[in-house]
Amino acid sequence: MAIRTVGIVGAGVSGITAVKSCLEEGLQPICFERQSGFGGVWYTEDERTKKDLNLTFDSLTTNTSREMMCMSDFPFPEDYPPFPSTSQLQKYWQNYVEHFNLREYIRLGQKVTKITDIGSGRWKIVAEDVDNGHVTETEVDALIVSSGLQGTPNAPDIPGQQEFSGKVLHSQEFRRGTDYIGKNVVVVGASFSAGDVSVDCSRHCKMTYLSTRRGCWVMRRTFRGAAFWDTHVLSRWFNYMPINLQQWYLETVYRAMVNHTDLGLQSDVHVYAGASVMINDSINDQILCGKLKVKPEIKKLTKNGVEFVDGSRLDDVDVVILATGYKKCYPYIADTSIRESLEEKFNVYKFIFIPGQPTFAALGLAKCLGPQGVAFELQSRWVARVFSGKSKLPSDNVMQAEVKEVSQGNTARGSVHAYVQWTPYVLDIAKQIGCLPNPWSYLLKSPRFALKLAFGSVHPYTFRLNGPHSWDGAENAIKEVPRKTVKSTKTRVPKVPYKNAVRTLAEQALLAVLVLVSALLLTWYFM
């Protein structure tokens, strides 16, 4: 049976791009979103009092740079900073929805409560209006689950928590460090949120502590003080390196950025062996200034404090914030086998398709160090082409074999089952879609551009150069990246004495000649 209607759960980044991709392939999307706006975790309207909504905190900025995280055919405004804020991301997604006329396909304020398989590959979606409780039922030909991995907090039960007189909360509830002025705060975790929350608290609290079980690798947003980390690491040339060499290179650079050992941050495991990575520009300074201290894993909570596994204690703790991530949870899916595949077994091909379920797809499952929205957009484009019949999946046996191989590989490296390396993953999905450009096809037309594609950063625009639904502005967008990157920051042109490049080169050449002549004269003199 041909697929015509597609139900989409969630209007976050993956859900919005799924709506657009379905429309591009001639499908009819019906998207359900429990919030009253678009953008998922980036939606920050005054819904902070509502429960079970994952909202970002006030000081948050992106970990990936603007030109690496935009959608492939929708650049950020040029006046945005290289690393946009939460409010700017929210505005970007509102503009995206408006620009591509997606609003009429998204039902806001609709919480999906149950999804059932009604046979012949079709699905029934039961949704409840969050304001008036009205229940609706919608039948669709195919289903895309794009509610993401950040809906259900992973809040471990710490021994002694019941007798602790202070407050224990998950980072999902954290809004701003000023809420804890004058308090002693312990933040538990070692990844992105743990770093952001602990640094924010350390600027306002009496004292802040970061409790980490295995340590972490800290990376600044700029690589070696110049290029942004993602334009450096998420590149073709870096992807050509063997995995072990990549890991050695990254760890060497991380150590050069931050003295992990002396600051108590040193990870117990290697980067590619399941280590936590924290992108943070300030944690180093806050520790050196005495505003933040790193502690080991918590052993138990006492009535007024915390005891750590090394025997040390804190006897005056007011708040414990758990930056311990989220659980994979899809309670609205009635089929237990599908739920288990997503939540436990992770029996998912390319982290999208479940073998044996040709009309079901899940977006946003893969975790990677890179702009995840770009990966989600590619996932949605591939899913839409599969559902429209324009792309074919391998047999169930082939998919099962690859799922097993990927799972075993991640397990051997100590990684979580959903971990992927960003660059090879997005290039693979682009190949499935048919939008992976051949750099050498541009060699005669523009040798410099061909080399940029072959060895440079993997910008999202790359995936609109050719293939289905290409964008005429993609090539120019890639060429304009250097100019656009500095436009919002280079707001003053300094009066430098050697701004003429030709003059500078001539002076360098003259200096080299003088050094050479001096060396020859000294050699002749002492002969």
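About the criteria used
- Residues numbered from 1 in each chain as written.
- Predicted model: local features only at pLDDT ≥ 70, side-chain atom pairs only at ≥ 80, totals over all residues.
- Heavy atoms only, no water.
- Axes fitted to C-alpha atoms, helices over the stretch in contact; angles between N-to-C directions.
- Helix = DSSP H or I, 4+ residues; strand = E, 2+ residues; numbered from the N terminus.
- Parallel < 35°, antiparallel > 145°, perpendicular 65-115°, else oblique.
- Left-handed = near helix turned anticlockwise from the far one by under 90°.
- Contact = heavy atoms within 4.5 Å.
- Nonpolar A, V, L, I, M, F, W, Y, C, P; charged D, E, K, R; others polar.
- Phe/Tyr/Trp six-rings, centres within 6.5 Å; stacked < 30°, edge-to-face > 60°.
- Buried < 20%, exposed > 50% of the residue type's maximum accessible area, 1.4 Å probe, protein only.
- Pairing = 2+ DSSP bridges.

A.B. asks: Account for the packing of helix α10 (residues 372-387) against helix α12 (residues 422-433), with residues named and values stated.
C.D. replies: Relative to each other, α10 and α12 sit at 25°, their axes nearing to 9 Å. Between α10 and α12, the angle falls in the class roughly parallel. α10 and α12 meet at a crossing whose hand is left-handed. Side by side, α10 and α12 meet where V374, A375, L378, Q379, R381, W382 and R385 of the first sit next to W422, Y425, V426, I429, A430, Q432 and I433 of the second. Taken together, the residues of the contact of α10 with α12 sort by class into ten nonpolar, two polar and two charged.

A.B. asks: Requested: an account of the packing of aromatic side chains, with residues and values cited.
C.D. replies: The geometry of an aromatic ring pair is captured by two quantities: the separation of the ring centres and the angle between the planes. Summed over the entire model, instances satisfying the criterion amount to 23 aromatic pairs. Arranged with centres 6.0 Å apart and planes meeting at 10°, the rings of F174 and Y180 form a pair that is stacked. Using a relative accessible area of 0% as the deciding quantity, one classes F174 as buried. Where W217 meets Y254, the ring centres are 6.0 Å apart and the plane angle is 45°; that geometry is what we call tilted.

A.B. asks: Any details on the sheet that holds strand β22 (residues 360-362)? Residues and values, ideally.
C.D. replies: If you trace the five strands from one edge of the open sheet to the other, you get β3-β2-β1-β7-β22, paired in parallel fashion. Pairing within the sheet leaves two strands with one partner each, and these edge strands are β3 (106-108) and β22. With strand direction ignored, the average angle separating the axes of adjacent strands in the sheet is 15°. Two strands pair when backbone bridges link them, and strand β1 (residues 5-9) and strand β2 (residues 28-33) are joined in this way by five bridges, in the parallel orientation. Residue V9 lies in a different strand from β2, and its bridge partner there is F32. Strands β1, β2, β3 and β7 (142-145) of the sheet are contacted by helix α1 (residues 13-24), whose axis makes an angle of about 170° with β1.

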